[in-house]
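This is what each chain is made of:
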Amino acid sequence: DSGVTQTPKHLITATGQRVTLRCSPRSGDLSVYWYQQSLDQGLQFLIQYYNGEERAKGNILERFSAQQFPDLHSELNLSSLELGDSALYFCASSPRGGNTEAFFGQGTRLTVV
Amino acid sequence: DQQVKQNSPSLSVQEGRISILNCDYTNSMFDYFLWYKKYPAEGPTFLISISSIKDKNEDGRFTVFLNKSAKHLSLHIVPSQPGDSAVYFCAASGAGTASKLTFGTGTRLQVTL
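Residues numbered from 1 in each chain as written. Chains lettered and ligands numbered in written order. Predicted model: local features only at pLDDT ≥ 70, side-chain atom pairs only at ≥ 80, totals over all residues. Heavy atoms only, no water.

**Q** Account for the overall build of chain B, naming residues and giving values.
**A** Within chain B, the secondary structure is distributed over zero helices and 11 strands. For chain B, the C-alpha radius of gyration of 13 Å lies close to 13 Å, the compact-globule estimate for 113 residues. Taking the principal axes of its C-alpha atoms as reference, chain B extends roughly 45 × 30 × 20 Å. Within chain B, the fraction of its 113 residues that count as buried is 45%. Counted over contacts in chain B with a minimum sequence separation of 6, partners at least 24 positions apart contribute 54%. Positive and negative side-chain charges in chain B, numbering 11 and 9 respectively, have mean positions lying 3 Å apart. (Helix = DSSP H or I, 4+ residues; strand = E, 2+ residues; numbered from the N terminus. Rg over C-alpha atoms; globule rule 2.2 N^0.38 Å. Buried < 20%, exposed > 50% of the residue type's maximum accessible area, 1.4 Å probe, protein only. Contact = heavy atoms within 4.5 Å. Lys, Arg positive; Asp, Glu negative; His and termini not counted. Charge placed at Lys NZ, Arg CZ, Asp CG, Glu CD.)

Here it is in C-alpha coordinates:
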(Lines give C-alpha, C1' and ligand atoms only; values in the text may rest on other atoms or scores of the structure.)
Protein backbone atom coordinates (compact mmCIF):
# COMPACT_ATOMS: atom_id res chain seq x y z
CA ASP A 1 0.00 0.00 0.00
CA SER A 2 1.58 3.25 -1.20
CA GLY A 3 -0.56 5.44 1.05
CA VAL A 4 -2.06 7.25 -1.94
CA THR A 5 -5.81 6.71 -2.30
CA GLN A 6 -7.72 7.19 -5.50
CA THR A 7 -11.48 7.02 -5.91
CA PRO A 8 -13.36 5.68 -7.66
CA LYS A 9 -11.44 2.63 -8.89
CA HIS A 10 -13.66 2.22 -11.93
CA LEU A 11 -15.87 4.66 -13.77
CA ILE A 12 -18.04 4.08 -16.82
CA THR A 13 -19.70 7.06 -18.39
CA ALA A 14 -21.11 8.25 -21.69
CA THR A 15 -19.56 10.60 -24.20
CA GLY A 16 -20.16 14.24 -23.46
CA GLN A 17 -20.39 13.73 -19.73
CA ARG A 18 -18.25 15.16 -16.94
CA VAL A 19 -16.50 13.19 -14.20
CA THR A 20 -14.35 13.97 -11.18
CA LEU A 21 -11.50 11.78 -10.02
CA ARG A 22 -10.27 12.16 -6.48
CA CYS A 23 -6.86 11.64 -4.94
CA SER A 24 -5.75 11.67 -1.32
CA PRO A 25 -1.95 11.93 -1.09
CA ARG A 26 0.27 10.27 1.48
CA SER A 27 0.24 11.98 4.83
CA GLY A 28 2.63 14.90 4.78
CA ASP A 29 3.16 14.95 1.02
CA LEU A 30 2.72 18.41 -0.47
CA SER A 31 3.05 17.58 -4.15
CA VAL A 32 0.40 15.79 -6.22
CA TYR A 33 0.80 14.66 -9.80
CA TRP A 34 -1.74 13.34 -12.29
CA TYR A 35 -0.78 10.93 -15.07
CA GLN A 36 -2.74 9.27 -17.85
CA GLN A 37 -1.99 5.82 -19.22
CA SER A 38 -3.82 4.76 -22.36
CA LEU A 39 -3.89 1.20 -23.71
CA ASP A 40 -0.81 -0.06 -21.83
CA GLN A 41 1.25 2.81 -23.17
CA GLY A 42 3.56 5.04 -21.22
CA LEU A 43 2.62 7.38 -18.43
CA GLN A 44 1.72 10.80 -19.76
CA PHE A 45 2.13 13.64 -17.32
CA LEU A 46 -0.93 15.84 -17.02
CA ILE A 47 -0.44 18.30 -14.19
CA GLN A 48 1.29 18.87 -10.86
CA TYR A 49 0.20 20.77 -7.77
CA TYR A 50 2.39 21.74 -4.86
CA ASN A 51 0.80 22.90 -1.61
CA GLY A 52 -2.33 24.06 -3.38
CA GLU A 53 -0.70 25.77 -6.33
CA GLU A 54 -0.30 24.56 -9.88
CA ARG A 55 3.40 24.02 -10.53
CA ALA A 56 3.79 22.16 -13.79
CA LYS A 57 1.59 21.36 -16.71
CA GLY A 58 1.97 18.64 -19.31
CA ASN A 59 -0.16 17.71 -22.29
CA ILE A 60 -3.40 18.29 -20.46
CA LEU A 61 -6.43 18.97 -22.64
CA GLU A 62 -8.42 22.16 -22.12
CA ARG A 63 -11.42 19.96 -21.28
CA PHE A 64 -9.49 18.70 -18.26
CA SER A 65 -8.80 20.67 -15.10
CA ALA A 66 -7.51 19.95 -11.64
CA GLN A 67 -7.14 21.52 -8.25
CA GLN A 68 -5.55 20.81 -4.92
CA PHE A 69 -7.49 21.73 -1.82
CA PRO A 70 -6.24 23.10 1.53
CA ASP A 71 -6.27 19.60 3.01
CA LEU A 72 -3.97 18.64 0.08
CA HIS A 73 -6.34 16.23 -1.61
CA SER A 74 -6.69 16.76 -5.32
CA GLU A 75 -9.40 16.37 -7.92
CA LEU A 76 -9.09 15.91 -11.66
CA ASN A 77 -12.12 17.04 -13.61
CA LEU A 78 -12.70 15.66 -17.09
CA SER A 79 -15.49 17.22 -19.14
CA SER A 80 -17.08 16.76 -22.58
CA LEU A 81 -15.72 13.25 -22.50
CA GLU A 82 -14.74 11.49 -25.69
CA LEU A 83 -14.11 7.82 -26.40
CA GLY A 84 -10.39 8.54 -26.57
CA ASP A 85 -10.36 9.70 -22.97
CA SER A 86 -10.79 6.11 -21.84
CA ALA A 87 -7.64 5.34 -19.88
CA LEU A 88 -6.13 4.69 -16.50
CA TYR A 89 -5.63 7.88 -14.54
CA PHE A 90 -2.99 7.78 -11.84
CA CYS A 91 -2.35 10.14 -9.04
CA ALA A 92 1.02 10.27 -7.30
CA SER A 93 2.34 12.24 -4.37
CA SER A 94 5.75 13.20 -3.09
CA PRO A 95 6.98 15.20 -0.11
CA ARG A 96 8.28 18.17 -2.00
CA GLY A 97 8.44 17.75 -5.77
CA GLY A 98 11.74 17.31 -7.53
CA ASN A 99 14.60 15.01 -6.55
CA THR A 100 12.44 12.63 -4.63
CA GLU A 101 10.42 9.55 -5.35
CA ALA A 102 6.72 9.83 -6.00
CA PHE A 103 4.29 7.20 -4.79
CA PHE A 104 1.37 6.18 -6.94
CA GLY A 105 -2.20 5.28 -6.20
CA GLN A 106 -3.92 2.27 -7.73
CA GLY A 107 -5.48 4.39 -10.43
CA THR A 108 -8.96 5.09 -11.72
CA ARG A 109 -9.98 3.21 -14.84
CA LEU A 110 -12.22 5.45 -16.89
CA THR A 111 -14.28 3.93 -19.66
CA VAL A 112 -16.19 6.28 -21.95
CA VAL A 113 -18.92 4.58 -23.97
CA ASP B 1 9.90 15.07 -27.79
CA GLN B 2 10.67 11.94 -25.80
CA GLN B 3 13.16 13.08 -23.19
CA VAL B 4 13.39 9.68 -21.53
CA LYS B 5 13.71 6.68 -23.79
CA GLN B 6 13.55 2.97 -23.22
CA ASN B 7 14.43 1.47 -26.55
CA SER B 8 13.67 -2.14 -25.69
CA PRO B 9 9.94 -2.70 -25.39
CA SER B 10 10.46 -6.21 -24.05
CA LEU B 11 13.06 -8.49 -22.52
CA SER B 12 12.99 -12.17 -21.66
CA VAL B 13 15.41 -13.62 -19.11
CA GLN B 14 15.75 -17.00 -17.47
CA GLU B 15 15.17 -17.33 -13.77
CA GLY B 16 18.39 -16.91 -11.83
CA ARG B 17 20.11 -14.90 -14.56
CA ILE B 18 20.75 -11.16 -14.64
CA SER B 19 18.18 -8.80 -16.13
CA ILE B 20 19.53 -5.54 -17.52
CA LEU B 21 17.09 -2.82 -18.43
CA ASN B 22 18.34 0.30 -20.16
CA CYS B 23 17.23 3.90 -20.32
CA ASP B 24 18.56 6.98 -22.11
CA TYR B 25 17.71 10.59 -21.50
CA THR B 26 18.31 13.80 -23.39
CA ASN B 27 17.64 16.57 -20.90
CA SER B 28 20.84 17.54 -19.11
CA MET B 29 18.77 19.30 -16.43
CA PHE B 30 17.62 15.96 -15.07
CA ASP B 31 19.47 15.17 -11.87
CA TYR B 32 17.40 12.47 -10.21
CA PHE B 33 16.52 9.14 -11.75
CA LEU B 34 14.14 6.44 -10.67
CA TRP B 35 12.90 3.01 -11.66
CA TYR B 36 9.34 1.88 -11.20
CA LYS B 37 7.77 -1.54 -11.61
CA LYS B 38 4.22 -1.89 -12.82
CA TYR B 39 1.81 -4.80 -12.92
CA PRO B 40 -1.29 -4.62 -15.15
CA ALA B 41 -4.13 -2.51 -13.76
CA GLU B 42 -2.02 -1.41 -10.78
CA GLY B 43 -0.16 1.78 -10.00
CA PRO B 44 3.59 1.93 -10.57
CA THR B 45 5.63 0.89 -7.55
CA PHE B 46 8.85 2.71 -6.74
CA LEU B 47 11.88 0.42 -6.90
CA ILE B 48 15.11 2.36 -6.65
CA SER B 49 16.53 5.79 -7.38
CA ILE B 50 19.83 7.50 -7.95
CA SER B 51 21.00 11.06 -7.68
CA SER B 52 23.22 12.53 -10.36
CA ILE B 53 26.07 12.88 -7.87
CA LYS B 54 26.36 9.09 -7.73
CA ASP B 55 27.06 6.50 -10.38
CA LYS B 56 25.68 3.46 -8.59
CA ASN B 57 23.02 2.65 -6.05
CA GLU B 58 22.25 -0.80 -4.77
CA ASP B 59 19.24 -2.19 -2.92
CA GLY B 60 19.16 -5.93 -2.49
CA ARG B 61 18.82 -7.59 -5.88
CA PHE B 62 18.41 -4.25 -7.63
CA THR B 63 21.26 -1.99 -8.72
CA VAL B 64 20.97 1.16 -10.76
CA PHE B 65 23.96 2.52 -12.69
CA LEU B 66 24.17 6.06 -14.00
CA ASN B 67 26.53 7.22 -16.75
CA LYS B 68 26.05 10.98 -16.93
CA SER B 69 28.40 11.57 -19.81
CA ALA B 70 26.44 9.12 -21.93
CA LYS B 71 23.09 10.20 -20.44
CA HIS B 72 22.36 6.56 -19.79
CA LEU B 73 21.12 4.56 -16.85
CA SER B 74 20.49 0.91 -16.35
CA LEU B 75 18.76 -1.33 -13.85
CA HIS B 76 20.31 -4.68 -13.00
CA ILE B 77 18.27 -7.37 -11.30
CA VAL B 78 20.28 -10.27 -9.93
CA PRO B 79 19.15 -12.98 -9.66
CA SER B 80 15.96 -12.58 -11.66
CA GLN B 81 12.85 -14.21 -10.25
CA PRO B 82 9.50 -15.02 -11.88
CA GLY B 83 7.83 -12.42 -9.65
CA ASP B 84 9.97 -9.77 -11.31
CA SER B 85 7.92 -10.18 -14.49
CA ALA B 86 6.31 -6.77 -15.00
CA VAL B 87 6.72 -3.55 -16.94
CA TYR B 88 9.62 -1.42 -15.79
CA PHE B 89 9.61 2.33 -16.27
CA CYS B 90 12.54 4.62 -15.82
CA ALA B 91 11.81 8.19 -14.83
CA ALA B 92 13.77 11.37 -14.40
CA SER B 93 13.26 14.69 -12.69
CA GLY B 94 15.08 17.90 -11.99
CA ALA B 95 15.36 19.89 -8.80
CA GLY B 96 12.77 22.18 -7.35
CA THR B 97 9.14 21.92 -6.37
CA ALA B 98 7.96 22.34 -9.95
CA SER B 99 9.80 19.33 -11.25
CA LYS B 100 7.62 16.52 -12.55
CA LEU B 101 8.67 12.96 -13.18
CA THR B 102 9.17 12.27 -16.87
CA PHE B 103 8.70 8.62 -17.71
CA GLY B 104 10.06 6.39 -20.42
CA THR B 105 7.73 4.15 -22.40
CA GLY B 106 8.53 1.06 -20.37
CA THR B 107 10.18 -2.33 -20.90
CA ARG B 108 8.19 -5.48 -20.35
CA LEU B 109 10.35 -8.01 -18.51
CA GLN B 110 9.45 -11.67 -18.57
CA VAL B 111 11.38 -14.01 -16.33
CA THR B 112 11.01 -17.58 -17.50
CA LEU B 113 11.52 -20.78 -15.55
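There's plenty left to go through after this.
**Q** I'd love a proper account of the interface of chain B and chain A, names of residues and values included.
**A** Contacts between the two partners involve 25 residues from chain B and, on the opposite side, 26 residues from chain A. Here chain B and chain A share an interface that buries about 1900 Å² over both sides, 56% of which is from carbon and sulfur atoms. Viewed at the interface, chain A and chain B are joined by zero salt bridges. Along the contact surface separating chain B from chain A lie four residue pairs in polar contact (both at pLDDT 80 or more). Within the residue set of the side of chain B that touches chain A, elements represented by two or more residues are strand 4 (32-38), strand 5 (45-51) and strand 9 (86-93) of chain B. (Buried area = accessible area lost by both parts, 1.4 Å probe. Salt bridge = Lys/Arg side-chain N within 4 Å of Asp/Glu carboxyl O. Polar contact = N/O pair within 3.5 Å; in protein donor to acceptor, adjacent residues only side chain to side chain.)

**Q** Tell me about the sheet that holds strand 3 (residues 19-25) of chain B, and please be specific about residues and values.
**A** Pairing is antiparallel across the open sheet formed by five strands, whose spatial order is 1-3-8-7-6 (chain B). Where the open sheet ends on each side, the last strands, each with one partner, are strand 1 (4-5) and strand 6 (56-59) of chain B. (Pairing = 2+ DSSP bridges.)

**Q** Could you give me a rundown of the packing of aromatic side chains, with the residues and numbers involved?
**A** Tallied over the full model, the rule gives 14 aromatic pairs over all chains. Considering the side-chain rings of Tyr33(A) and Tyr35(A), the 6.5 Å spacing of their centres and the 35° angle between planes classify their relative orientation as tilted. Look at Tyr35(A) and you get buried, because its relative accessible area is 1%. Ring centres of Tyr35(A) and Phe104(A) lie 5.6 Å apart, and the angle between their planes is 45°; on these two criteria the pair is classed as tilted. One end of the pair, Tyr35(A), is in strand 4 (residues 31-37); the other, Phe104(A), is in strand 10 (residues 103-104), and 69 residues separate them in sequence. Three or more aromatic residues link up through ring pairs in this structure, and these residues are Tyr33(A), Tyr35(A), Phe45(A), Phe90(A), Phe103(A), Phe104(A), Tyr36(B), Phe46(B), Phe89(B) and Phe103(B). (Phe/Tyr/Trp six-rings, centres within 6.5 Å; stacked < 30°, edge-to-face > 60°.)

**Q** So what about the pattern of salt bridges? Which residues, and what values?
**A** When the charged atoms of two side chains lie near each other, side chains of opposite charge can form a pair. All names here are of chain A. Under the counting rule described, the total for this entry stands at six salt bridges over all chains. Measuring nitrogen to oxygen at the nearest pair gives 4.0 Å for the salt bridge that ties Arg22 to Glu75. Of this pair, Arg22 sits in strand 3 (residues 19-24) while Glu75 sits in strand 8 (residues 74-78), placing them 53 residues apart in sequence. Salt bridges sharing partners connect three or more residues here, namely Arg63, Glu82 and Asp85.

**Q** Please give an account of the sheet that holds strand 1 (residues 5-7) of chain A that cites residues and values.
**A** All names here are of chain A. If you trace the four strands from one edge of the open sheet to the other, you get 1-3-8-7, paired in antiparallel fashion. Looking at the sheet topology across the chains shown, the edges are occupied by strand 1 and strand 7 (64-68). Neighbour to neighbour, the strand axes of the sheet diverge by 15° on average, direction disregarded. Taken together, the three bridges between strand 1 and strand 3 define a ladder with antiparallel strand orientation. In the strand pairing of strand 3, Thr7 is matched with Arg22. (Axes fitted to C-alpha atoms, helices over the stretch in contact; angles between N-to-C directions.)

**Q** Give a detailed account of unusual backbone geometry, specifying residues and quantitative values.
**A** In this structure, Pro8(A) follows Thr7(A) across a cis peptide bond, with omega equal to -10°. Mapped onto the fold, Pro8(A) is located in the loop between strand 1 and strand 2 (10-13). The omega angle of the peptide bond from Val78(B) to Pro79(B) is -15°, so this bond is cis rather than trans. Note that Pro79(B) resides in the loop between strand 8 (72-77) and strand 9. Positive phi is not limited to glycine here, since Asn51(A) has a value of about 50°.

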